[in-house]
Amino acid sequence: MIVADVEQIMEQWAPRWIAWEKDNVGLQVGNRKARVRKIHICLDVTEEIIDEARRAKADMIISHHPLIFRPLTSVTTADPGGTMILRLAEYGIALYSAHTNLDFTREGVSMSLGRTLGLKNIKFLAPLRGLMTKIAVFVPSGSVGPVMEAMTQAGAGIIGNYSHCSFQINGRGTFLGSELSNPTIGTAGVLETAEEVRLEMICPRFRVSSIVEAMKSAHPYDEVAYDLYPLDNESTEFGMGAIGELDPPQSLSRWLKTVRSTLRAETLRVSGPNPSQVRRVAVCGGSGSDLLQAAVDGAADVFVTADVRYHTFHDAGNQIALVDAGHWETEHPVLPVIASKLEQACSERKERVVITVTNRKTSPIQVH
Ligand SMILES: [Zn+2]
């Protein structure tokens, strides 16, 4: 297996195009063609993690937080980030980071947190919107089949478990070609009317250019008329946070003991009511304060997240029990899930790759 194969496996699960636009995810350091025999998984890349990877003779590190986040002007030993990049390069260790794309995918950071905390019937707390585009193209009646097939092969028309999803409306198109035109139907310089079909298909936003290219190459006209519509539909595949149920319900004070020990949290900061029966729980690994209202609207009794500001605790008031369990603490449950996804993919490909997960708590925060 080579680095590019690991990238492909990770991106089938947590595609790069769903990441927050200011994020920097994907291969950060390394050669895509290099062999991979050992992979080490962590949340943060630190000097100690690089030491661990080197001791384990790992060829690749997969981290959740990107080592390279802001644009670099130099890579030198003058700063800690540059020093780590140089060390990785020197040891031939590739670094791949899956950050907000891992937050937003199924079985990603928040769903793993929910599962670790014993939740059942886990769903996204706030499904992502605006990931899809509708393509409407005007095709002469006799060419609808090949154009639709070309678009389908390029990734259009998939809705849940259905492929080849399209809508077709018969109509009449008009055109008048200049002397420079080469019309498939009619003659240049003469106003023509043609029986056409308006063919509509949806596709993920990131596939639009390759689908348009495929559509044009299967289309008989020299100038293809088509429209692209950004859609605001909710995604069924990607979302933020997670919500599920505790079965059987427990009192908040009892359940918080489990939260603390499971997440290896030294402290929990908690506000709001102290329900005797916690049934519905919303979670978001990492900084999830923006999802507070979604947790309240989802009728959650408790919202577990991290990096909560003082005023956000006030905003929560008595609407919901708000728990700040820490950033590293709410995100590390995804690490063994990354390992098992890779193990499964390697065994399907009959590849022998050793996968290790760090046990090191890489949070820089200490409690005194
Ligand atoms: Zn994070």
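Residues numbered from 1 in each chain as written. Predicted model: local features only at pLDDT ≥ 70, side-chain atom pairs only at ≥ 80, totals over all residues. Heavy atoms only, no water.

### Considering the coordination of the zinc ion
Coordination of the zinc ion by the protein is provided by H65 (NE2), H327 (NE2), E331 (OE) and E331 (OE), with metal-donor distances spanning 2.1 to 2.4 Å. Donor residues binding the zinc ion come from one chain and are separated in sequence as H-x261-H-x3-E. Residue H327 and its partner E331 are both found in helix 11 (residues 327-331); the two are separated by four residues, about one turn of the helix. Accessibility expressed as a relative area gives 25% for H327, which makes it partly exposed. Given a relative accessible area of 3%, E331 falls into the buried group. (Donors = N, O, S within 2.8 Å, 3.2 Å for Na, K, Ca; no water. Helix = DSSP H or I, 4+ residues; strand = E, 2+ residues; numbered from the N terminus. Buried < 20%, exposed > 50% of the residue type's maximum accessible area, 1.4 Å probe, protein only.)

### Examining the nonpolar core
In this structure, V6, M10, I39, I41, I62, I338 and L342 are the most contacted members of the largest nonpolar core, which totals 30 residues. Counting only elements with at least two residues in this core, the list comes to helix 1 (3-13), strand 2 (38-42), strand 3 (60-63), strand 4 (94-97) and helix 12 (335-348). Considering each element in turn, this core owes the most residues, seven residues, to helix 12. Not counting residues up to four positions away in its chain, the partners in contact with V6 are M1, V36, I39, M60, I62 and L342. (Core = buried A, V, L, I, M, F, W, Y, C linked by side-chain atoms within 4.5 Å. Contact = heavy atoms within 4.5 Å.)

### Description of the packing of helix 6 (residues 144-153) against helix 7 (residues 208-218)
Packing of helix 6 against helix 7 brings their axes to within 8 Å, and their N-to-C directions diverge by 155 degrees. Between helix 6 and helix 7, the angle falls in the class roughly antiparallel. Crossing angle aside, the handedness with which helix 6 passes helix 7 is right-handed. Taken together, the residues of helix 7 that come into contact with helix 6 (itself represented by P146, V147, A150 and M151) are I211, A214, M215 and A218. Partitioning the contact of helix 6 with helix 7 into residue classes produces eight nonpolar, no polar and no charged. (Axes fitted to C-alpha atoms, helices over the stretch in contact; angles between N-to-C directions. Parallel < 35°, antiparallel > 145°, perpendicular 65-115°, else oblique. Left-handed = near helix turned anticlockwise from the far one by under 90°. Nonpolar A, V, L, I, M, F, W, Y, C, P; charged D, E, K, R; others polar.)

### Some details on the pattern of salt bridges
Applying the stated criterion to the full structure yields 16 salt bridges. E52 is the partner of R360 in a salt bridge, and the nearest nitrogen-oxygen pair spans 2.9 Å. Of this pair, R360 sits in the segment after strand 15 (354-357) while E52 is found in helix 2 (residues 47-55), placing the two residues 308 residues apart along the sequence. Accessibility expressed as a relative area gives 34% for R360, which makes it partly exposed. Among the ionic pairs, E245 bridges to R280, the shortest N-O distance being 2.8 Å. Taken together, the residues E245 in strand 10 (residues 234-250) and R280 in strand 12 (residues 278-287) connect sequence positions 35 residues apart. Its relative accessible area of 28% is what places E245 among the partly exposed residues. (Salt bridge = Lys/Arg side-chain N within 4 Å of Asp/Glu carboxyl O.)

### Quick word on the packing of aromatic side chains
Across all of its chains, the model carries three aromatic pairs by this definition. Note on W17 and F206: the rings are 4.3 Å apart at their centroids and 15 degrees apart in plane angle, and the pair reads as stacked. Here W17, found in the loop between helix 1 and strand 1 (26-29), pairs with F206, found in the loop between strand 8 (191-204) and helix 7; they are 189 residues apart in sequence, far enough to count as distant. On the numbers, 5.8 Å between centres and 85 degrees between planes, the contact of W17 with F238 is edge-to-face. You can see W17 sitting in the loop between helix 1 and strand 1 and its partner F238 sitting in strand 10, a full 221 residues away along the chain. Owing to a relative accessible area of 18%, W17 belongs among the buried residues under this scheme. (Phe/Tyr/Trp six-rings, centres within 6.5 Å; stacked < 30°, edge-to-face > 60°.)

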